[in-house]
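Descriptive analysis of the structure
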Amino acid sequence: MKFDELKLEPRLLRGIANRGYKELTAVQEQTLAKTLQGMDVAVQSQTGTGKTAAFLITLFERMSYNRTSKRKKALIIVPTRELAVQIEKEARLLNRHLGYAIGSFYGGVGYERQLNLLKKGLDIVIGTPGRLLDLSKRGHLKLKDIRTLVIDEADRLFDMGFLPDIKRILYRMPPRNARQNMLFSATLNRISRRIASEHMNRPELIEVTPERLTVDTILQELYHVKSHIKMNLMLGILKAQAPQNALIFTNMRHVAFRLAKKLQQNGLHSRHLTGDLPQSRRLKIMDDFKAGKFALLVATDVAARGLHIDDLEMVINYDLPQDCENYVHRIGRTARAGNSGKAISLASEGTADHLEAIESFIGMKIPVQTANDDLFATDMSLELSSRKRFRNDRQKNSRINSRFKNNYN
Ligand code: ADP
Ligand code: MG
């Protein structure tokens, strides 16, 4: 179904067209069918399926519809600052021809700018629970004015322990039947369902199950490699394939840090993104990566949450994820919104169990590639003596690889 076919406010339609959206995604189609009529929804759909636009379009359309009367104010509760910033950006794009006032609120930044924003009066408030509650308690944010509520990434909000804050926010709002409520999540767990039944008006349950867990347009590859020459293989792959950009995942922060440094020492422009970096720094890194200012970003799962890049060419699992769902989250970063992409995983000794879990989770064997000797590159960050040792080791590795290949194919 095309957006044109929805009888939306023409200025909103223009915003959607400018954003480049033509066809509705499955979750957008199912959600809008209910929400545009004013119904509450609890929506479960995997990451990258377009949930943001589903609720933003609802908000904008319902606001325009109520133009003549008092404007309907909306509140969007999200788990992280990154997500708040990202939703604000998307909202501003769709709002281009509408002119609603939008603001986002999260911890770690000063109050002054945020208070000024609130004084002006906002139509859409986006924020993390702690800061929203704080602003409400101090009397700056009038939660009683809110007529539409969105809880985004509900599973993560509850995982991160925000349930008590969210409840406090809910109690400061008008009664549930005086507002429209929407809850979005990658999984609808017990808490989400309880919130939906206790604080929403008999929401329509929308569950969009993907036909397959992994996106078909992602080309997946797996290399078996001894851990001490994993770096050489990754360097070789990066040199051979020269992706325009790649997101590299490690399981631990210090590995991400070290890897980015080593890549840099090998003449590849790279940065690391880990949870311990200050917020402002993380945002800057993400923006620079999106803008193509450097090609390789090494990240941990937690730090990379909420990072969405439309034209990411490659994902590399330098470490196989310990949690098989993260495999799907990671590789789903490429091939977003219909683009194709490549996901390369490096499996080293001791990760056979992870691999087995991942393959059974995605319901397929990841095709194994053989790393020939010449695919390994010298790691220029190492001492000369270590470089020599590596030349012997890679020959042993290609024998290991061909043995694995025989096992799998
Ligand atoms: P989710 O919240 O479900 O994880 P997002 O809302 O972040 O997903 O959207 C994922 C990507 O898809 C974004 O890059 C977004 O711009 C894009 N997108 C959303 N809706 C559409 C659409 N109808 N057509 C094309 N791309 C879309
Ligand atoms: Mg989302």
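What you see is a predicted model, and the numbers here were worked out from it, not measured in a lab.

Considering the overall build of the protein
On a plain count of helices and strands, the protein comes out with 16 helices and 14 strands. Considering only contacts within the protein whose residues lie at least 6 apart along the sequence, 74% involve residues at least 24 apart. Total accessible area on the protein stands at roughly 18800 Å², and carbon and sulfur atoms take up 49% of it.

Notes on the site of ligand 1
Near ligand 1, the surroundings consist of 17 residues, among which Y21, Q28, G48, T52 and D310 are the closest. Residue T49 places a main-chain N or O atom 3.1 Å away from an oxygen atom belonging to ligand 1. Separating an oxygen atom of ligand 1 from a side-chain N or O atom of T52 is a distance of 2.6 Å. Relative to its free-state accessible area of 570 Å², ligand 1 is covered by the protein chains to the extent of 87%. Considering only residue class, the shell around ligand 1 consists of 3 nonpolar, 9 polar and 5 charged. Residues from two domains meet in the shell around ligand 1; each of domain 1 (3-208) and domain 2 (218-408) gives at least three.

Brief notes about the sheet that holds strand β9 (residues 246-249)
The strand order across the open sheet formed by 7 strands is β10-β11-β9-β12-β13-β8-β14, and the pairing between neighbours is parallel. The open sheet has two edge strands, β10 (270-273) and β14 (368-369), and neither has a second partner. In this fold helix α14 (residues 324-331) packs onto β8 (218-224), β9, β12 (314-317) and β13 (341-347), with an angle of close to 155 degrees to the strand it touches most, β12.

Describing helix α3 (residues 51-65)
Compared with the 21 Å implied by 1.5 Å per residue over 15 residues, the 21 Å span of α3 between its first and last C-alpha is a close match. Along α3, 13 of the 15 residues are buried, which leaves the element largely enclosed by surrounding structure.

Focus: helix α2 (residues 26-35)
Of all the residues in α2, the buried ones are V27, Q28, T31, L32 and T35. Down the axis of α2, the buried set is contained in an arc of 115 degrees. They therefore lie on one face. Close packing links the buried residues of α2 with β1 (41-45), α3, β6 (180-185) and β7 (204-208).

Here's the deal with empty space enclosed by the protein
Applying the stated rule across the entire model yields 1 cavity of 30 Å³ or more. Its volume calculated, the largest cavity comes out at about 40 Å³. Forming the walls of the largest cavity are T58, L59, R62, M63, K72, A74, T148 and Q180. For the lining of the largest cavity, the class distribution of residues is 3 nonpolar, 3 polar and 2 charged.

As for the layout of surface pockets
With a probe scaled to a water molecule rolled over the atoms, the places where space remains empty come into view. Approximately 290 Å³ is the volume attributed to the second largest pocket. Lining the second largest pocket are 17 residues, with T80, R81, E82, M160 and R282 positioned closest to its centre. Mapped by element, the contributors of at least two residues to the lining of the second largest pocket are α4 (81-94), α12 (279-290) and α13 (301-304). Looking at the lining of the second largest pocket residue by residue, the classes come out as 6 nonpolar, 6 polar and 5 charged.

Quick look at unusual backbone geometry
In the Ramachandran plot, E153 falls in the positive-phi region, its phi being about 50 degrees despite a non-glycine side chain. Position of E153 relative to the elements: it lies in the loop between β5 (146-151) and α7 (154-159). E153 sits in the buried class, given a relative accessible area of 18%. Of note, A242 is a non-glycine position whose phi angle comes to about 40 degrees, a positive value.

Comments concerning the pairing of β1
Where burial is concerned, most of β1 is hidden: 5 out of the 5 residues are buried. Neither face of β1 is open: one carries V41, V43 and S45, the other A42 and Q44, and all of them are buried. Sheet analysis places β1 next to β7, joined by 5 bridges and oriented parallel. Within β7, the position partnered with V41 by the bridge is E204.

Description of the side chain of N181
Mapped onto the secondary structure, N181 falls in strand β6. Setting aside its immediate chain neighbours within four residues, N181 contacts D40, V41, L149, R176, H199, M200 and N201.

Here's the deal with the packing of helix α6 (residues 129-137) against helix α8 (residues 163-171)
α8 packs onto α6 with a crossing angle of 35 degrees between their chain directions and a minimal axis gap of 9 Å. In this structure, the crossing between α6 and α8 has a hand that is left-handed. Where α6 approaches α8, its residues P129, G130, L132 and L133 are matched on the opposing element by D165, I166, R168 and I169. Partitioning the contact of α6 with α8 into residue classes produces 5 nonpolar, 1 polar and 2 charged.

Calculation rules
- Residues numbered from 1 in each chain as written.
- Chains lettered and ligands numbered in written order.
- Predicted model: local features only at pLDDT ≥ 70, side-chain atom pairs only at ≥ 80, totals over all residues.
- Heavy atoms only, no water.
- Helix = DSSP H or I, 4+ residues; strand = E, 2+ residues; numbered from the N terminus.
- Contact = heavy atoms within 4.5 Å.
- Areas by Shrake-Rupley, 256 points an atom, 1.4 Å probe, with all protein chains shown as cover.
- Near = heavy atom within 4 Å.
- Polar contact = N/O pair within 3.5 Å; in protein donor to acceptor, adjacent residues only side chain to side chain.
- Nonpolar A, V, L, I, M, F, W, Y, C, P; charged D, E, K, R; others polar.
- Domains from an automatic or database assignment.
- Pairing = 2+ DSSP bridges.
- Axes fitted to C-alpha atoms, helices over the stretch in contact; angles between N-to-C directions.
- Expected span 1.5 Å × (residues − 1).
- Buried < 20%, exposed > 50% of the residue type's maximum accessible area, 1.4 Å probe, protein only.
- Arc of directions from axis to C-beta.
- 1 Å grid on protein atoms, 1.4 Å probe; cavity = no way out; pocket = protein on both sides within 12 Å on 5 of 7 lines; lining within 4 Å.
- Points joined across faces, edges and corners; volume = space filled by probe spheres on them.
- Left-handed = near helix turned anticlockwise from the far one by under 90°.

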